[in-house]
Amino acid sequence: SRLVAPNGPYAALDVVAKTASTNADLASSGGADRTVLIALEQTAGQGRRGRTWASPEGGLYCSVLFRPAGVPAAQLPWLNLIAGLALVRVARSVGVEASLKWPNDLLLGAGAGKGAGILSEITADGSVVVGIGLNVAELPSDVEPAPGGLAPTSLEDLDATELDRGELAFRLLVELAQLEGVWRKNGGDAVESGVLEEYVEHSSTIGQRVRVELSGGLEILGVAQRVEPDGTLVVRGDDGRSHGVSAGDVVHLRP
Ligand code: BTN
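What counts and how
Counting of residues starts from 1 at the beginning of each chain's written sequence and follows it residue by residue. A pLDDT threshold of at least 70 governs which residues receive local features in this predicted model, and a stricter bar of 80 or more applies before side-chain atom pairs are shown or counted, although totals over entire chains, interfaces and linings include all residues. Being near a molecule or strand means, for a residue, that its C-beta atom, positioned from the backbone, comes within 6 Å of it. Think of it this way: any DSSP run of H or I at least four residues long counts as a helix, any run of E at least two long counts as a strand, and we number them from the N terminus. All residues other than Ala, Val, Leu, Ile, Met, Phe, Trp, Tyr, Cys, Pro, Asp, Glu, Lys and Arg, Gly among them, are scored as polar; the first ten of these are nonpolar and the last four charged. To define a nonpolar core, we join buried Ala, Val, Leu, Ile, Met, Phe, Trp, Tyr and Cys residues through C-beta atoms within 7 Å and take the resulting set. Buried residues are those with 20 or more other C-beta atoms within 10 Å of their own C-beta, exposed residues have 12 or fewer, and partly exposed residues lie in between; C-beta atoms are placed from the backbone. Domain boundaries shown here were taken from an automatic or database domain assignment. Following DSSP output, two strands are said to pair if at least two bridges run between them. Note on contacts: each residue gets a C-beta atom placed from the backbone, and two residues are in contact if those atoms are within 7 Å. Each axis is a line fitted through C-alpha atoms, taken for helices only over the stretch in contact, and angles between the N-to-C directions span 0 to 180 degrees. Each angle gets one of four labels, with under 35 degrees taken as roughly parallel, over 145 as roughly antiparallel, 65 to 115 as roughly perpendicular, and the rest as oblique. Crossings are assigned a handedness: left-handed for a near helix turned anticlockwise from the far helix by less than a right angle, right-handed for a clockwise turn.

Per an unreviewed UniProt entry, the recorded name for the chain is biotin--[biotin carboxyl-carrier protein] ligase, and the organism is Lentzea rhizosphaerae.

Following this line, the structure appears as structure tokens:
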């Protein structure tokens, strides 16, 4: 943590070889706003909806604790989407084509496999832990496809050169600080801060036919129209009705 300057974007930064889950560690840490924890391996990596996130050595597992005072609670889900934008910037900086499948999957390469996942946890006191799992090295063959049948892939799968995880972590944190800083300065307004526009630009979901399975068992078939300023995805159902879908309600979103 001594690496971090008092006037820099982050309050603290720790790197550990191995832990159970960087999200779990930060969620119970009581840490300051903008505390970072990076692990090179996780033994109990958490995915969305109680799933596990395969976290072998060779990936990058990073969580950031935010306490965005002054941002309305309704805007906090944007941190999840902002982390996706930071990942797109990092992937492109190493020459890998990247886009975002709403809400939180980073798709890489022409085959559009899943290269990263993001798990954001918002607590009652208004703090948010944003957890990012980025597949860097080629994955062991036993990693299962993501729900919806998305094949897992990694940066090195698509870019044969060996990548430095320290360099990638640094770039990711620089991009995340830049995006989150502008967003927060604008009181969490996704339009004013430009994050909505950048999200739309990198979205592979908008304009696509989708089948959304909601946690209540409801299913919507239709075309994804747009992302609203509060982060919800609007799907025009085949019945002609528009549905606003918030990230927390989605079980599967399939093309
Ligand atoms: C998903 O299901 O797609 C989200 C995966 C999120 C994984 C990351 S790895 C760092 C952080 N710590 C965890 O336990 N999970 C997140």
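Looking at the ligand, there are 19 residues lining it, with Ser21, Gly47, Gly117, Gly131 and Gly133 nearest. Of all the secondary-structure elements, those providing two or more residues to the shell around the ligand are α1 (22-27), β3 (60-66), β6 (113-122) and β7 (128-134). Tallied by class, the residues present in the shell around the ligand amount to six nonpolar, 11 polar and two charged.

Here we come to the nonpolar core. Ranked by internal contacts, the top residues of the largest apolar core, which has 61 residues, are Ile82 and Leu87. Composition of this core by domain shows at least three residues from each of domain 1 (12-201) and domain 2 (206-254).

Within a regular beta strand, the side chains point alternately toward one face of the sheet and then the other, so they alternate between its two faces. Pairing geometry for strand β1 (residues 12-16) and strand β2 (residues 35-39), over five bridges, is parallel. If you follow valine 16 over to β2, its bridge partner there is alanine 39.

With that settled, consider the environment of glutamine 42. Along the polypeptide, glutamine 42 turns up in the loop between β2 and β3. It is 34 Å that separates the C-alpha atoms of glutamine 42 and glycine 194, two residues lying 152 residues apart in sequence. If we ignore the near neighbours within four places in the chain, the residues touching glutamine 42 are Thr19, Ala20, Ser21, Thr22, Ser55 and Tyr61.

This part takes up the packing of helix α2 (residues 78-93) against helix α4 (residues 165-185). One way to put it is that α2 packs onto α4 with a least axis distance of 9 Å and a crossing angle of 135 degrees. Classified by the interaxial angle, the pair formed by α2 and α4 is oblique. Seen from above, α2 lies across α4 with right-handed handedness. Taken together, the residues of α4 that come into contact with α2 (itself represented by Trp78, Leu79, Ile82, Ala83, Leu85, Ala86, Leu87, Arg89, Val90 and Ser93) are Leu168, Arg171, Leu172, Glu175, Leu176, Leu179, Glu180 and Trp183. Considered class by class, the residues forming the contact of α2 with α4 number 13 nonpolar, one polar and four charged.

When cut into domains, the chain gives domain 1 (12-201) and domain 2 (206-254). Computed over C-alpha atoms, the centres of domain 1 and domain 2 are 22 Å apart. Of the residues lining the interface, 17 residues belong to domain 1; the matching set on domain 2 comes to 12 residues. The set of elements that each furnish at least two residues to the side of domain 1 that touches domain 2 consists of α2 and α5 (195-202). Split by residue class, the side of domain 1 that touches domain 2 holds 12 nonpolar, four polar and one charged.

Residue position: leucine 172 is located in helix α4. Measuring from C-alpha to C-alpha, the distance between leucine 172 and glycine 59 comes to 13 Å, with 113 residues separating the pair along the chain. Setting aside residues up to four positions removed in sequence, leucine 172 forms contacts with Cys62, Ala86, Leu87 and Val90.

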